[in-house]
Amino acid sequence: MIAIDWGSSSLRAFRLDGQGQIIDSRRSDQGALACAGRFEEVLRDTLQGWDERVVAMAGMVGSRQGWQEVNYLDCPAGLDEIAARMTRVQAPSLGDREVWIVPGLSVRHDHGVHDVMRGEETQICGLIDRLGPGSHRACLAGTHCKHVLIENGRIQEFATAMTGEMFQVLSEHSILGRLMQPGPHDPAAFLKGVDHAALDGDLLEHVFAVRTHGLFNVLPATALRSFLSGLLIGHELRRLPARPEPVHLIAAPSLAEPYTAALTRRGHRVQAHGEDVSARGLYALARRRGLPAA
């Protein structure tokens, strides 16, 4: 089968064998938000040369701005509930191929505010068979980072932090960025930011230290971006329980190192997983749905 992670800005396609192992992959910059009216055409072009019959997709392709909206499924939810809500889309130009979209997930917190995810749920689905019974925590690092609680094989709840997007806004479009100079990632400055986030005070107070650290030469201008990154990630991690516990981290290589450093600094034990775990999740969902693996 073919597993597709079709996000807002990119498309990742994985060709899987009958046991769910990745045998080939492709990537495109044609994200779901740029493909209005052309989803079938883009998918057909992406799959040229691959002959697998089943295509399982997740991400913004199933959003209101995507190919076909697939309603959110309320948590708690496990493999069976998610697979049952997979929706088939019509794609005449793809011949006898079956094209399916996985639903996103939603949760309503105690204070009444909703949270959602689209695509990330397949990453958790790819982990479930490795986690076993009991309670587990996962951190899905990205532009909008997700912290997920899994209990006995079901996604119980989750929360989103716009850490990556906030970093971009503050470093590129605020007064904080005016003192910054390009430079490599500075691990010491990053951890200084993580530690600063653990002090008394809130983010709006702490973030001004980026500017004052530059003004008073506490840090060189080339290290200020790393300090800001550590500060924002540190504040994000304040939501985790104070007691050290294992955290399953799913992240691109560029984010795996800083998130591992920040989680370890807070005393958590990190088990890292690659982003391609989403392909395993889509395979698991397709099999639960009864779709052929070949």
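What this report covers is the structure whose coordinates are included nearby. (Residues numbered from 1 in each chain as written. Predicted model: local features only at pLDDT ≥ 70, side-chain atom pairs only at ≥ 80, totals over all residues. Heavy atoms only, no water.)

This part takes up the packing of helix H5 (residues 163-173) against helix H9 (residues 224-237). Two elements in contact, H5 and H9, have axes whose closest approach is 10 Å; the angle formed by their N-to-C orientations is 145°. As H5 packs across H9, the resulting crossing turns out to be right-handed. Every residue of H9 that contacts H5 at Thr163, Met166, Phe167, Leu170 and Ser171 is listed here: Arg225, Leu228, Ser229, Leu232, Ile233 and Glu236. Class assignment of the residues belonging to the contact of H5 with H9 gives a composition of six nonpolar, three polar and two charged. (Axes fitted to C-alpha atoms, helices over the stretch in contact; angles between N-to-C directions. Helix = DSSP H or I, 4+ residues; strand = E, 2+ residues; numbered from the N terminus. Left-handed = near helix turned anticlockwise from the far one by under 90°. Contact = heavy atoms within 4.5 Å. Nonpolar A, V, L, I, M, F, W, Y, C, P; charged D, E, K, R; others polar.)

Take the sheet that holds strand S2 (residues 11-16) next. Pairing within the open sheet is mixed, and its six strands lie in the order S3-S2-S1-S4-S8-S7. The outermost strands of the open sheet, each flanked by one partner alone, are strand S3 (22-28) and strand S7 (87-89). Strand-to-strand twist in this sheet, taken as the mean axis angle between neighbours without regard to direction, amounts to 25°. The sheet strands contacting helix H1 (residues 39-46) are strand S1 (2-6), S2, S3, strand S4 (54-58) and strand S8 (98-101), and the helix crosses S1 at an angle near 130°. Along the sheet, helix H11 (residues 277-289) contacts S1, S2, S3, S4 and S8; its crossing angle with S2, the most-contacted strand, is approximately 60°. (Pairing = 2+ DSSP bridges.)

So, on to H11. Here H11 spans 19 Å end to end across 13 residues, near enough to the 18 Å set by a 1.5 Å rise per residue. Taken together, the buried positions of H11 are occupied by Val277, Ser278, Ala279, Gly281, Leu282, Tyr283, Leu285 and Ala286. Trailing H11 by a residue or two, glycine 290 shows a phi angle of about 90°, which is positive. (Expected span 1.5 Å × (residues − 1). Buried < 20%, exposed > 50% of the residue type's maximum accessible area, 1.4 Å probe, protein only.)

As a further point, take a nonpolar patch on the surface. Together, Leu215, Phe216 and Val218 give the surface a local cluster of nonpolar side chains, amounting to about 320 Å² of exposed area. Tracing the backbone through its elements, the reader meets leucine 215 in helix H8 (residues 209-215). The exposure class of leucine 215 is partly exposed, given its relative accessible area of 45%. (Patch = residues over 30% accessible without salt bridge, like charges linked within 9 Å, V, L, I, M, F, W, Y side chains within 5 Å. Areas by Shrake-Rupley, 256 points an atom, 1.4 Å probe, with all protein chains shown as cover. Salt bridge = Lys/Arg side-chain N within 4 Å of Asp/Glu carboxyl O.)

A full pass over the atoms with the stated rule returns eleven salt bridges. Between arginine 280 and aspartate 129 there is a salt bridge, with its nearest N and O atoms 3.1 Å apart. On the criterion of sequence distance, the pair formed by arginine 280 in helix H11 and aspartate 129 in helix H4 (residues 128-131) is long-range, its members being 151 residues apart. Residue arginine 280 is classed as partly exposed on the basis of its relative accessible area of 27%.

The residue arginine 38 is located in the loop between S3 and H1 in this model. Residue arginine 38 is classed as partly exposed on the basis of its relative accessible area, which comes to 29%. Only 3.2 Å separates the side chain of arginine 38 from the backbone oxygen of alanine 34, close enough to count as a polar contact. (Polar contact = N/O pair within 3.5 Å; in protein donor to acceptor, adjacent residues only side chain to side chain.)

Our next topic: the pairing of strand S12 (residues 145-151). Burial analysis of S12 places six of its seven residues in the buried class, the great majority of the element. Relative to S12, strand S11 (residues 135-140) is paired through six bridges, and the arrangement is antiparallel. Its bridge partner being in S12, serine 135 is matched across the sheet by glutamate 151. In textbook terms, the turn of a hairpin is the stretch between consecutive antiparallel strands, and for S11 and S12 this stretch comprises four residues. Between S12 and strand S13 (residues 154-161), which follow one another and run antiparallel, lie two residues, and asparagine 152 among them has a positive phi close to 50°.

Right, let's get into the side chain of histidine 268. Within the secondary structure, histidine 268 is located in the loop between helix H10 (253-265) and strand S15 (269-273). Reaching out from histidine 268, the side chain makes a polar contact with the backbone nitrogen of glutamate 245 at a distance of 3.3 Å. When near neighbours in sequence (up to four residues on either side) are disregarded, histidine 268 contacts Leu240, Pro241, Arg243, Pro244, Glu245, Val247 and Leu263.

The next subject is the environment of arginine 85. Mapped onto the fold, arginine 85 is located in the loop between helix H2 (79-84) and S7. Taking the C-alpha atoms as reference points, arginine 85 and proline 103, separated by 18 residues in sequence, lie 6.4 Å from one another. If we ignore the near neighbours within four places in the chain, the residues touching arginine 85 are Val70, Asn71, Tyr72, Leu73, Ile101, Pro103 and Arg289. There is a polar contact of 3.2 Å between the side chain of arginine 85 and the backbone oxygen of tyrosine 72.

What follows is about the nonpolar core. By size, the foremost hydrophobic cluster in this structure holds 39 residues, and its most contacted members are Leu105 and Val148. If near-sequence neighbours (up to four positions away) are discounted, valine 148 is found in contact with Met117, Ile124, His136, Arg137, Ala138, Leu140, Ile155, Glu157 and Phe158. Judged by nonpolar contacts, the second largest core, of 22 residues, contains Ile2, Leu11, Trp50 and Val99. (Core = buried A, V, L, I, M, F, W, Y, C linked by side-chain atoms within 4.5 Å.)

Here we take up the sheet that holds strand S9 (residues 105-108). The strand order S5-S9-S10 describes an open sheet built from three strands, whose pairing is mixed. Strands with a single pairing partner mark the edges of an open sheet, and in this sheet they are strand S5 (73-74) and strand S10 (114-117). Strand direction decides the pairing type here: S9 and S10, joined by four bridges, are antiparallel. Directly across from leucine 105, in S10, lies its bridge partner methionine 117.

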